[in-house]
Amino acid sequence: MASLEISALTKSFDGQEVLRGLDLSVGDGEFWALVGPSGCGKSVLLRNIAGLVTPDSGTIRLAGRDVTRLAPAERDIAMVFQSYALYPHLSVAGNLGIGLRQAGLSRADTAEAVRHVADLLGLGPLMNRLPQELSGGERQRVAIGRAIVRKPSLFLFDEPLSNLDAALRVHMRIEMADLHRRLGRTTIYVTHDQVEAMTLADRIVVMNAGRIEQTGRPMDVYHDPANMFVAGFIGSPRMNFLDAGRLGRPGRHVGIRPEHITVSRVSGAVSGTVDHIETLGSETNLLVRTAELGFVTVRLFGHQEFAANETVHLDFDRQRELYFDAAGQRLR
Amino acid sequence: MQRQTLKTWLFLAPAGAWFLCMLVLPLVVVFVFSFGERGAAGGYVPAFTFDNFLNLGARWAAFKNTLTLAPTGTLICLLIAYPLAYFLALKTSPRWRTLLLILVIVPFWTSILIRSYAWIYLLGGQGIPSLLNALGLGNPRLINTPFAVLVGIVYGYLPLMVFPIYVALERLDKRLLEASSDLGSPPWRSFLQVTLPLSMPGVATGCMLVFILLMGEFLIPAMLGGGKVFFIGNALVDLFLQSRNWAFGSAVAVALVLVMLVTVAAYLRLTRRWAGGRDDVSLM
Ligand SMILES: Nc1ncnc2c1ncn2[C@@H]1O[C@H](COP(=O)(O)OP(=O)(O)OP(=O)(O)O)[C@@H](O)[C@H]1O
Ligand SMILES: [Mg+2]
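The structure presented is a predicted model; accordingly, all values stated were derived computationally and were not measured.

Visitor: Residue-level account of the packing of helix α3 (residues 60-91) of chain B against helix α7 (residues 146-171) of chain B, with values.
Guide: All names here are of chain B. Axis separation between α3 and α7 bottoms out at 6 Å; the angle between their running directions is 40°. Put simply, α3 runs oblique to α7. You can see that α3 and α7 cross each other, and the crossing is right-handed. The class makeup of the residues in the contact of α3 with α7 is 25 nonpolar, three polar and one charged.

Visitor: Now, about the site of ligand 1: what can you tell me, with residues and values included?
Guide: All names here are of chain A. Near ligand 1 the following residues occur: Phe 13, Val 18, Ser 38, Gly 39, Cys 40, Gly 41, Lys 42, Ser 43, Val 44, Glu 159 and His 192. In this structure, His 192 approaches ligand 1 through a side-chain N or O atom, which is 3.1 Å from an oxygen atom. A total of 630 Å² of accessible area belongs to ligand 1 in isolation, and the protein chains cover 60% of it. Among the elements that line the shell around ligand 1, the one with the most residues is helix α1 (residues 42-50), at three residues. A class-by-class count of the residues in the shell around ligand 1 yields four nonpolar, five polar and two charged.

Visitor: Tell me about the state of the cysteines, and please be specific about residues and values.
Guide: One pass over the structure, following the stated rule, counts zero disulfides over all chains. Summary of cysteine pairing: B:Cys77 is not part of a disulfide, and the nearest cysteine sulfur, belonging to B:Cys207, is at 8.8 Å.

Visitor: Outline the side chain of A:Asn285, supporting the account with residue identities and numerical values.
Guide: All names here are of chain A. Within the secondary structure, Asn 285 is located in strand β15 (residues 283-290). In this structure Asn 285 comes out as buried when scored by relative accessible area, which is 6%. Within polar-contact distance, the side chain of Asn 285 engages the side chain of Glu 283 at 3.4 Å. Apart from the residues within four sequence positions on either side, Asn 285 is in contact with Pro 237, His 276, Ile 277, Glu 278, Leu 280, Val 298 and Arg 299.

Visitor: Mind laying out the interface of chain B and chain A, listing which residues take part and the relevant values?
Guide: In many reports, interface size means the accessible area that the parts give up when they come together. Counting residues at the interface gives 23 residues for chain B, matched by 32 residues for chain A. With both chains or domains summed, chain B and chain A bury close to 2400 Å², and 56% of this area falls on carbon and sulfur atoms. Counting across the chain B and chain A interface gives one salt bridge. At the surface where chain B touches chain A, the tally comes to five residue pairs in polar contact (both at pLDDT 80 or more). Listed by contribution, the elements that provide at least two residues to the side of chain B that touches chain A are α8 (174-182) and α9 (187-215) of chain B. A class-by-class count of the residues in the side of chain B that touches chain A yields nine nonpolar, seven polar and seven charged.

Visitor: Please give an account of the environment of B:Gly138 that cites residues and values.
Guide: Residues and elements named next belong to chain B. Following the sequence through the fold, Gly 138 ends up in the loop between α6 (128-134) and α7. Between the alpha carbons of Gly 138 and Leu 56 there is a distance of 39 Å; along the sequence they are 82 residues apart. Contact partners of Gly 138, with chain neighbours within four places excluded, come to Pro 129, Leu 132 and Asn 133.

Visitor: Provide a residue-level description of the pairing of strand β17 (residues 311-316) of chain A, including the pertinent values.
Guide: As paired strands, strand β13 (residues 261-264) of chain A and β17(A) are joined by four bridges and run antiparallel to one another. Paired with A:Val263 across the two strands is A:Leu314, which belongs to β17(A).

Visitor: Outline the packing of aromatic side chains, supporting the account with residue identities and numerical values.
Guide: Summed over all chains, the structure comprises 15 aromatic pairs over all chains. Centroid distance A:Phe155 to A:Phe157: 5.8 Å. Interplanar angle 40°. Geometry classified as tilted. Taken as a pair, A:Phe155 and A:Phe157 share a single burial class, namely buried. Taking the centre distance of 5.7 Å and the plane angle of 10° together, the rings of A:Phe229 and A:Phe233 count as stacked. One end of the pair is A:Phe229 and the other is A:Phe233, both in helix α8 (residues 228-233) and four residues apart, which spans about a single turn. Three or more aromatic residues joined by ring pairs make a cluster, and in this case those are B:Phe31, B:Phe35, B:Phe48, B:Phe50 and B:Phe53. When the ring centre of A:Tyr222 is taken as origin, the NZ or CZ atom of A:Arg257, which lies over that ring, is 4.0 Å away.

Visitor: Tell me about the confidence of the model for chain B, and please be specific about residues and values.
Guide: Residue and element names in this part refer to chain B. Within chain B, residue pLDDT values average 89, and 96% of them lie at 70 or more. Mean pLDDT across the elements of chain B bottoms out in helix α12 (residues 246-275) (87) and peaks in α3 (95). Ignoring residues within four places in sequence, the model shows residues 277-284, a span with pLDDT below 50, making 23 contacts including any to other chains. Both scores are given for the predicted complex: the pTM is 0.80, the ipTM 0.75.

Visitor: Could you give an account of the nonpolar core, naming the residues involved and the relevant values?
Guide: Core analysis: the biggest nonpolar cluster contains 56 residues, and B:Met161, B:Ile165 and B:Val252 have the highest contact counts within it. In terms of residue count, the dominant contributor to this core is α7(B) (13 residues). Every residue in contact with B:Ile165, bar those within four places of it in the chain, is listed here: B:Leu78, B:Ala81, B:Tyr82, B:Ala85, B:Gly202 and B:Val203. In this structure, A:Ala78, A:Ala113, A:Met172 and A:Leu200 belong to the second largest nonpolar core, which totals 44 residues.

Visitor: Lay out the domain arrangement of chain A with the relevant residues and their values.
Guide: Residue and element names in this part refer to chain A. Taken as a whole, chain A is organised into domain 1 (4-230) and domain 2 (238-331). For domain 1 and domain 2, the distance between their C-alpha centroids amounts to 38 Å. Residue-level contacts link seven residues of domain 1 with 10 residues of domain 2. Taken together, both faces of the contact between domain 1 and domain 2 bury some 810 Å²; the carbon and sulfur share is 50%. When the buried area of domain 1 at its contact with domain 2 is split by residue, Tyr 222, Pro 225 and Met 228 rank highest and sum to 66% of it. A salt bridge links Asp 224 to Arg 330, with the nearest nitrogen and oxygen atoms 2.8 Å apart. One can count six residue pairs in polar contact (both at pLDDT 80 or more) joining domain 1 with domain 2.

Conventions we followed
Residues numbered from 1 in each chain as written. Chains lettered and ligands numbered in written order. Predicted model: local features only at pLDDT ≥ 70, side-chain atom pairs only at ≥ 80, totals over all residues. Heavy atoms only, no water. Axes fitted to C-alpha atoms, helices over the stretch in contact; angles between N-to-C directions. Helix = DSSP H or I, 4+ residues; strand = E, 2+ residues; numbered from the N terminus. Parallel < 35°, antiparallel > 145°, perpendicular 65-115°, else oblique. Left-handed = near helix turned anticlockwise from the far one by under 90°. Nonpolar A, V, L, I, M, F, W, Y, C, P; charged D, E, K, R; others polar. Near = heavy atom within 4 Å. Polar contact = N/O pair within 3.5 Å; in protein donor to acceptor, adjacent residues only side chain to side chain. Areas by Shrake-Rupley, 256 points an atom, 1.4 Å probe, with all protein chains shown as cover. Disulfide = S-S within 2.5 Å. Buried < 20%, exposed > 50% of the residue type's maximum accessible area, 1.4 Å probe, protein only. Contact = heavy atoms within 4.5 Å. Buried area = accessible area lost by both parts, 1.4 Å probe. Salt bridge = Lys/Arg side-chain N within 4 Å of Asp/Glu carboxyl O. Pairing = 2+ DSSP bridges. Phe/Tyr/Trp six-rings, centres within 6.5 Å; stacked < 30°, edge-to-face > 60°. Lys NZ or Arg CZ within 6 Å of the ring centre and 35° of its normal. pLDDT = per-residue confidence, 0-100. Core = buried A, V, L, I, M, F, W, Y, C linked by side-chain atoms within 4.5 Å. Domains from an automatic or database assignment.

Structure representation (C-alpha cells):
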C-alpha cells in the first residue's frame, strides 16, 4: 500500500499539450475517481502513472519513491484497461497466473494465489476457458483479477465498467466497492459515469483540458464547486446558468441546480412555458422557456403531469444559488 | 432448402470442375503411370510392376538434397523474415511502412530467371569469390554448390515468409504489450509470452508456404546448382523431358507427393500442439 504524489506533470504529443501541469496527492488506501470530458487527458494521466508513457516534466512519487523514470515493471502498479487486454492465447488461469510466474513465484504459490483471487471474484468455474469464451462481465472480472493477484501498491482503472450493460454495471459497481473495502489498496478510477464516481470514491478529481479543475469529496464537489466548469460537469441534469444581471444577483452568472427550482401553476418569480417534458417515473424533468432567462431545466420528484406549452411559474431557492464571475470563477 | 443446395452446388461447380480436371485426374494418371513401364522409344507402356518404386534409390541424391535444403532454406527464411517483419509491423512509423513493404515485393517485379542469372554472376568466379581473393581471403568455390542453391532459395522465397508473419504481427493488439509491461514483464519477456505465441499462426503459414513450394522447386537448383545440386523437381524434368521414362518419373512424383503429405501432416500436428490454444499448462 502506498500514497501517490504527482507534481507539475506535463505531457505533450506532437507539440500539443495534453497534460498541463498536474498536481495530485492521493493518500494511502484511498479510492479516487477521475472524471472529465472525453479527450481531457484522463487516460494519458493513468498511462503516465503506470509508466506506459514518460512525462515531459514533473514527478510521480509512489510511497515516497520517485518512479517517474522507472519502467512499468518496476513500479508495483497494476492497471485494468478499458479494453481488458486479456491474453487471447491463455486460459483464465493462465491470464491470472502469468504475472506471478514471471515474478518468480513457484508453481504451487501461483496456483494458490490464483485460486484465492478466483474465489474472490467468482471465477472458479471459468478457469479453463479462453477469453473469447467469456461474457463481457466475466472478462471484466478476469482483468480485475489479473491486476489484484499481484497485490500491487496502486490500482489504476480506466473506465473498467464502460463496456458492460446497465444491470451488470450496477452489480460490478457494488463488487468494486466491496473489493476496495476488503483489499484497501490505493486506487485511481477513471469513469464517465457520475454515479460510479459519486458512490465509489473518497475523492473526486474533475479534469478539463489537461488541468485539474477541482479535487474534493463527492458531496463537496457537488455542493461547493470551484467554478462553472465543475458546477456544470457534476450533476445530471446539468446545472442551469442564468444571467445574474437580470435576476439582480452578484457576478455575471447564477448557477442553480434543476432540483432547486420549484414550479407553480399560480405564481412565481419568473414565468415561462413548458417546452419539453421528460417523465422517468421517479422524477420529472421540465425544460421551461422563459422570456428573461432563456431555457431553464427543472427537476421535480415523482411522476408529475404537465402539458406542453403550459404556462408555469418558477421560484429559485436562493440559499442554493451559486454565483460566478465573467471568467467562470466562483464568487463566495 | 432445395434451392439453397442447388445454389451451393452452382457456386462450387467451377472450382470443383477445375479441381477435378487439373488436380485429381492428373494425379490419378500419374499414379497409374507409376506402375507402368518405359516404352522402347520412351513414354509409357501399360503394365503393373513395382520396379519403378524399387528403383527410387537411383534418385536418392535428389531426395536427399530436397529433404535437407528445403527445410534448411525454410528455416533460414524464417530467421531472416521474423526480425524483418517484426521491425516493419511494430517499429516503423505508419508513414514509412507502406514504402518499406513495397520494397519487400519489388524483387518480384523482375522474373526469378533474371534474378537467378544475377546470382550466377555474383557467386561465379568473377563475382564474390574474386572479390574475396583480392582481399586475400582465399578463393572459395560458391557457384554450383548447395550453398549457392541455399542463397538463391532464401533470396527468392523471403518475401513469401515476410508477409504472413507481418500480417500476424500487424494484427497483434498492441495494448496486450502494454498490459504485459504493466503486469511486470520486461520487453523480452513480453515478446516471449505475448508477441511470439500470437504471431505463431503467421509463422506456421509462412513456413508451410515456403516449404511446400521449395519441395517442388527446380529452377533455382538448376541454375545455381549447375547440375550438381539436384532437387526432385530437376529429377522429374530430367525423367519426363530428357530420358522420357514416364513410368519412373511418375513413381518419383508419387514419392514426392507422399513425402510432402507426411511432412506437412507432421508439421501441422506439431504446430497445432505448439501454437494452438491452451498451452498455458507449460506456464503454470
Ligand atoms: N499516443 C498519443 N499520441 C498523440 N496524441 C495522443 C496520444 N494519446 C492521447 N493523445 C491525445 O491526448 C488527448 C487526451 O487523450 P486521453 O486518451 O487521455 O483522453 P481521455 O480523457 O481518456 O478521453 P476519454 O474519456 O474519451 O477516454 C486526446 O486529444 C488524444 O488525442
Ligand atoms: Mg480514456
